[in-house]
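# Observations on the model geometry
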Amino acid sequence: MTTFATKKEKKALIERLNIFTAFALGAIAAIIVWRLSLALLPADSESAPLFTREDKITLLSMIAWFIGFMTGIGALIAPFRWVQGKDLSHEENMFYAGKDMGIKRYFRYTTDHKVVGIQYLVITMVIFGIGGILAMLIRTNLGKAGGGWIHPQAYNSIVGTHGIIMIVGTIIMVTGPFGNYIMPIMIGARDMAFPRLNALSFWLIVAAAIPLIWAQFIGGISTGWSAYNPLAGQSPLGMDGYIMFICIFALSTMVAGANITTTVVRMRARGMTWNRTPIFIYGVVASVALALPAFPVFFLSQVMSGMDRALGTSFYNTALGGSGWLYENLFWIMGHPEVYVILIPAVAALMEMAPVFTRRPLFSFNVAVMGIAGICGLSVLVWAHHMYMSGWAPLLSAPFMLTTELISIPTGMLFLVLIGTLWRGRLWMTVPTLSIFALLWNFMIGGITGIYLSDVPADAFLHGSMFVTAHFHYTLMGGGLTGAIAALVYWFPKMTGKMINKRLSWIAFWLTQIGFNVAFMGMFFVGLQGQPRRVEAYAEIFSKGNLITTIGAYTIMIGMLILLYSVIDSWRNGQAAPMNPWHAKTLEWTVANPVPLENFEVLPVVTSDPYGYGRSK
Amino acid sequence: MSDLRSPGQDYFQSKWWKRKDVKQVIVLWIVITAVIGYFSSQFQFWAMGKPASETMENVINIIITFTWASSPVAGFVAAIAIQALFQRGHYGDNPPPEAEHNISSSPRATATFLIISALLCLFALVVGLIELQKDDQALLDKNAIHINVTGQQWAWNYDYPGSAGVRSNVLHLPVDQPVVFHVTSKDVKHSFWVVQMGVKIDANPGYVTQTVVTPNKIGSFDIRCAELCGLLHAYMQNKVIVESRSDYEKWLGSQPDTGHTTWTAEGEIG
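Throughout this document, residue positions are counted from 1 along each chain, in the order its sequence is written. Labels follow written order: the first chain is A, the first ligand is 1, and so on. The predicted origin of the model limits local features to residues at a pLDDT of at least 70 and limits the giving and counting of side-chain atom pairs to 80 or more, whereas totals for whole chains, interfaces and linings rest on all residues.

## What about the overall build of chain B?
To keep things clear, this is the line we draw: Segments assigned H or I by DSSP are reported as helices when at least four residues long, segments assigned E as strands when at least two residues long, and all are numbered from the N terminus. In this scheme every C-beta is placed from the backbone, and a residue whose C-beta has 20 or more other C-beta atoms within 10 Å is buried, one with 12 or fewer is exposed, and one in between is partly exposed. Throughout, a residue-residue contact means that the two C-beta atoms, derived from backbone geometry, are no farther apart than 7 Å.
When its secondary structure is counted, chain B shows 5 helices and 11 strands. Each of the 270 residues in chain B was classed as buried or not, and the buried ones make up 38%. Long-range contacts, defined here as pairs at least 24 residues apart, represent 72% of the contacts in chain B between residues at least 6 apart.

Written out as structure tokens, the structure reads:
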């Protein structure tokens, strides 16, 4: 197919590697290591305080899978050449970029940021699909009082898997598809700063998926997504799958974070000063820059958890001198910045769209930047508000209450920017426009309930209840996912060259938003009544609220299915999109559909700010 | 001179409060604030039910206070959103004409917004700190009785150190008497939650944590585990029976000595 292949007569190794060789090599490596470790590892001694042989075997096999997969996909070719003292030839680089490769380039180690963006978009939708199915299982099981029809062990595993998979899905939902596809074009660059790292960050996520699926067959993740120790220590082998999954995913996030940050700092077009850099870029950079310190901690916390399980160390095992509080601290030092990793780019995407659909400048660009920066700064100082009731450090409750409540000020700035932009604008009613209103509504409820939770005495009642679950769904789903879906509708014409079906996306929007509010209002209600989180059975008094929540959840499901159909159908048969359907002023709309391999023939020079709408009087 | 000013300042230096849209927003703001505050607080009262201790009364008060304090903020955002939503909708494939202004900032509006949100934030903090201080002092109450709580997969056990080795799995408490709970766990992390009394503290293996409450209603209330603790977490719940002093003494006297006297009143593992 390529001229490159015919020149050499024989297919080069780099051309032979793709997703199939990756899976094959990963599976072979895992099986070999599994058999070897089964045969060679000594049995646990009778007197050992912990039995670790099975965990060693599982973790070693998963590591082998990981190395095999990454070798099979071709991630090691370039480093290998470099060790040999050579670099990739121009043709090989072009092959890597997926030049003239058609559909095949989506299934191999392709470095073109647009391919990576589409890959991220598809994997995000797959993740939400699976996470959504798990959510429906949970809600169906909780449809009526008393135990459901799912075995408690399976139920706990569904809850844990739903949690972690949705967290991963929401982390990548904006910075993955749009941060990779749109961001480089928006700043007027030809590609990311490190295209191979870009491909690496995507394929790491695929590599990570297998341990998570694997975990389901060896005991599941029955600890919730937070995998607190010592519960994680006594959990079945599925926990090792969780640990591997997090380690590989954290690697992916770190790689993507370094890449995106460098790209934005170094590769903005000439004339794109920080004042002329679109707010979405700030959101993406803030998100990944926040992930950069957070995810190494997550990685470390899981390495330590794995060592406790497989090597008999005692970082978290109180009986042997460790502390579960250590795990909680490490986990939430990642966990709280992480919610802003999710939220900031979604809100920034809506701030990007607000001027386009109100036909006026973004209100207070500087305040928006300050708000984003303020949230980033404060969000690393609030982690222990998850631990008010843990007993770890009662004296720190007050300072953490202070930092947590302070976050409402920069968050308020983001609200100010959005309502300021809506004020006296000429509204163009589209799904993204309505999404701004939906975000204001949902995120307002999520934010205010967050203030109740930040208050220590109120948290003594609310902590660990369904109220918390409803609160973070309001922020991450009602805020974050709403922004991500709006971003999909907004950038769909550029990414696919087609317009998204208007009628269906309207219907999907209303169904998901109404279903969402019904579902999580019901959940607030049972939370205030006193229903704990993560229970598979509940008392009779909670049955009304839970039934409402389940009905709402089914409404969301229908809405999401319509959205999925609308995306697939429009992608395949939609009407061709013009170059700039929204008449927006940012750079991504100045390139043709489909976007050429190198985006710009001549790199653009920016001479005005991207929000110059409105008539001056 | 006017060329040097940003359009935003012009806008604010005119009689902006006489504008039609400003008046609409103000009316909407007042109405929505009242509606949100009223219905949210009713929703919360309804859901949380009757408190069984002063601590829980305070929790409800804090939540209602925060609701009323934040409803003007929510009302303001909603008022602007609704005003925008119903003013000038434009449907179609092409954009509407550009807005008739290009105001890109307003230092005055920003400053006002920031000052008000900082004040509200300070208010929330002070409310929380006052209540936190009360709870901390209650732990030192000399009149309190002490009860040791042990969580294990998947039940709670209560030791009454003042008595001769009484252990129960349904908690009994005398009414109007401060109780300090010393909470620990035998296996994994649990969270000891006396629902209607509004207190909760995690049960950590190897550590003892404290919380305090004074039940002020006679009756039977719920205790649930609020931290996922494995297979039967959902079933790790039981009742607390609050009774009169004499009933409590009678119950305590009727219980057999189970020999669980390894804990001191301070809750340290002896």
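Back to the write-up after that little detour.
## Here's the deal with the overall build of chain A
Tallying secondary structure elements over chain A gives 21 helices and 1 strand in all. Seen through its principal axes, chain A has C-alpha atoms that stretch 75 × 65 × 45 Å. Taken across its 617 residues, chain A has 62% of its residues classed as buried.

## Some words on the interface of chain A and chain B
Heads up, the condition is: Amino acids outside the nonpolar list (Ala, Val, Leu, Ile, Met, Phe, Trp, Tyr, Cys, Pro) and the charged list (Asp, Glu, Lys, Arg) are all regarded as polar, and Gly is one of them. Strands are treated as partners if at least two bridges between them are detected by DSSP.
Contact residues are listed per partner, giving 73 residues for chain A and 75 residues for chain B. For the side of chain A that touches chain B, the class distribution of residues is 39 nonpolar, 24 polar and 10 charged. Sheet topology places strand β1 (residues 427-428) of chain A next to strand β1 (residues 89-90) of chain B; 2 bridges connect them, and they run parallel. Bridging across to β1 of chain B, L427 of chain A finds its partner in G89 of chain B.

## Observations concerning the confidence of the model for chain B
All names here are of chain B. Note the following rule: Scored between 0 and 100, pLDDT is the confidence that the predictor attaches to each residue.
For chain B, mean pLDDT is 86; residues scoring 70 or higher make up 90% of the total. Below pLDDT 50 for its whole length, residues 1-6 participates in 3 contacts with residues either more than four positions away or in separate chains. Here residues 264-270 scores under 50 on pLDDT; set against residues more than four positions off or in separate chains, the count is 14 contacts. Our summary of model confidence lists the complex with pTM equal to 0.93 and ipTM equal to 0.91.

## A closer look at helix α15 (residues 397-406) of chain A
When α15 of chain A is considered as a whole, its buried residues turn out to be S397, F400, M401, T404, E405 and L406 of chain A. Buried residues belonging to α15 of chain A abut α14 (365-379), α16 (408-422), α17 (431-454) and α18 (456-462) of chain A together with α4 (107-138) of chain B.

## What to know about unusual backbone geometry
Residue and element names in this part refer to chain A. Here the amide bond leading from N229 into P230 is cis, since omega sits at 5°, within 30 degrees of zero. With respect to the helices and strands, P230 occurs in the loop between α10 (195-217) and α11 (238-266). In this chain, N593 is followed by P594 through a cis amide linkage whose omega measures -15°. Of note, P594 is situated in the segment after α21 (543-573).

## Observations concerning the domain arrangement of chain B
Residues and elements named next belong to chain B. In plain terms, the rule: Note that domain bounds follow an automatic or database assignment of domains.
Looking at chain B, the domain boundaries give domain 1 (2-88 + 104-138) and domain 2 (145-254). Taking only C-alpha atoms, the centre of domain 1 and the centre of domain 2 are 39 Å apart. Residue assignment for the side of domain 1 that touches domain 2 shows that the elements contributing at least two residues are α3 (54-87) and α4. Per element, the largest residue contribution to the side of domain 1 that touches domain 2 is 4 residues, and it comes from α3. Counted by class, the side of domain 1 that touches domain 2 contains 5 nonpolar, 2 polar and 2 charged residues.

## Digging into the sheet that holds strand β3 (residues 155-160) of chain B
Residue and element names in this part refer to chain B. The criterion, for reference: A fitted line through C-alpha atoms serves as each axis, taken over the contacting stretch for helices, and the angle formed by two N-to-C directions is quoted from 0 to 180°.
Read across the sheet, 5 strands follow the order β4-β3-β2-β6-β9 without closing on themselves; strand pairing throughout is mixed. Taken across any chain shown, the strands that pair with only one partner, and hence form the sheet edges, are β4 (166-168) and β9 (209-213). Each strand axis lies, on average, 25° off the axis of its neighbour in the sheet, ignoring direction.

## A few points about the environment of N216 of chain B
Residues and elements named next belong to chain B. Relative to the helices and strands, N216 is located in the loop between β9 and β10 (219-225). Sequence-wise, N216 and V175 are 41 residues apart; in three dimensions their C-alpha atoms are separated by 5.5 Å. Those residues in contact with N216, other than ones at most four positions away along the chain, are A52, S53, E54, V175 and D176.

## A look at the sheet that holds strand β8 (residues 199-203) of chain B
Two modes of strand pairing occur in sheets, parallel and antiparallel, and in both the strands are linked by backbone hydrogen bonds. All names here are of chain B. One open sheet accounts for 5 strands, arranged β5-β11-β10-β7-β8; its pairing is mixed. The sheet is open, and its two edges are formed by β5 (171-174) and β8, each paired on a single side. This sheet shows a mean twist of 25° between the axes of neighbouring strands, independent of strand direction. With 5 bridges connecting them, strand β7 (residues 190-194) and β8 associate as antiparallel partners. The partner of V194 across the bridge, within β8, is V199. Contacting β5 and β11 (237-243), helix α5 (residues 245-254) runs over the sheet at an angle of about 140° to β5.

## Things to note about the domain arrangement of chain A
Residue and element names in this part refer to chain A. Its domain assignment divides chain A into domain 1 (16-43 + 50-90) and domain 2 (110-590). If you look at the interface, domain 1 gives 15 residues, while domain 2 gives 18 residues. Counting residues per element, the side of domain 1 that touches domain 2 draws most heavily on helix α4 (residues 53-73), which supplies 11 residues. Classifying every residue of the side of domain 1 that touches domain 2 by side-chain character gives 10 nonpolar, 2 polar and 3 charged.

## Some details on the nonpolar core
In plain terms, the rule: Note on terminology: a nonpolar core is any set of buried Ala, Val, Leu, Ile, Met, Phe, Trp, Tyr and Cys residues joined through C-beta atoms within 7 Å.
Formed by 273 residues in total, the largest nonpolar core has its most connected members in L350, L418 and L440 of chain A together with V77 of chain B. Top element by residues in this core is helix α13 (residues 324-358) of chain A. It accounts for 22 residues. Setting aside residues no more than four positions away along its own chain, L440 of chain A makes contact with F415 and L418 of chain A together with V77 and A81 of chain B.

## Notes on the packing of α17 of chain A against helix α19 (residues 466-496) of chain A
Residues and elements named next belong to chain A. We count it as follows: Our angle categories are set so that under 35 degrees counts as roughly parallel, over 145 as roughly antiparallel, 65 to 115 as roughly perpendicular, and the remainder as oblique. Handedness of each helix crossing follows the sense of rotation of the near helix against the far helix: counterclockwise by less than a right angle gives left-handed, clockwise gives right-handed.
With their axes 8 Å apart at the nearest point, α17 and α19 run at an angle of 160° to one another. Between α17 and α19, the angle is such that the two are roughly antiparallel. Crossing geometry of α17 relative to α19 is assigned as left-handed. Two secondary-structure elements touch here, α17 through V431, P432, S435, A438, L439, N442, F443, I445, G446, T449, G450 and L453 and α19 through V468, H471, Y474, T475, G478, G479, T482, G483, I485, A486, V489 and Y490. Looking at the contact of α17 with α19 residue by residue, the class counts come to 13 nonpolar, 11 polar and no charged.

## Here's the deal with the environment of G147 of chain A
All names here are of chain A. Along the chain, the position of G147 falls in the loop between α7 (113-141) and α8 (152-175). Along the backbone, G147 and P581 are 434 residues apart, and their C-alpha atoms lie at a distance of 52 Å. When residues no more than four places from it in sequence are discounted, the contact partners of G147 are E536 and A537.

## Description of α10 of chain A
All names here are of chain A. This is how the line gets drawn: Multiplying 1.5 Å by the residue count of a helix minus one yields the expected span of that helix.
Between the first and last C-alpha of α10 there are 35 Å, a value that for 23 residues agrees with the 33 Å anticipated at 1.5 Å per step. Among the 23 residues that make up α10, 17 are buried, leaving the element largely enclosed by the rest of the structure. Looking one or two residues past α10, G219 carries a phi angle of roughly 115°, positive in sign.

## Focus: the packing of helix α12 (residues 279-310) of chain A against α14 of chain A
Residue and element names in this part refer to chain A. One can describe the packing of α12 onto α14 by two numbers: an axis separation of 10 Å at closest approach and a directional angle of 10°. If you check the angle between α12 and α14, you find them roughly parallel. Facing α12, whose interface residues are I279, Y282, G283, A286, A289 and L290, α14 presents F365, A368, V369, I372, C376 and S379. Among the residues making up the contact of α12 with α14, the classes are represented as 10 nonpolar, 2 polar and no charged.

## Brief notes about the pairing of strand β2 (residues 145-152) of chain B
Residues and elements named next belong to chain B. Along β2, 6 of the 8 residues are buried, which leaves the element largely enclosed by surrounding structure. Pairing of β2 with strand β6 (residues 179-185), which is carried by 7 bridges, proceeds in the parallel orientation. Paired with I145 across the strands is V179, a residue of β6. Relative to β3, β2 is paired through 5 bridges, and the arrangement is antiparallel. Paired with Q152 across the bridge in β3 is A155. The antiparallel hairpin formed by β2 and β3 contains 2 residues in its connecting segment.

## Some thoughts on the environment of Y91 of chain B
With respect to the helices, strands and loops of the structure, Y91 of chain B is situated in the loop between β1 and α4. In sequence terms Y91 of chain B and V242 of chain B are 151 residues apart; their C-alpha atoms lie 63 Å from each other.

## Let's talk about the pairing of β8 of chain B
Judged by how many residues are buried, β8 of chain B sits mostly within the fold: 5 of 5 residues are covered. The turn linking β7 of chain B back onto β8 of chain B is made up of 4 residues, and G198 of chain B within it adopts a positive phi angle of 65°.

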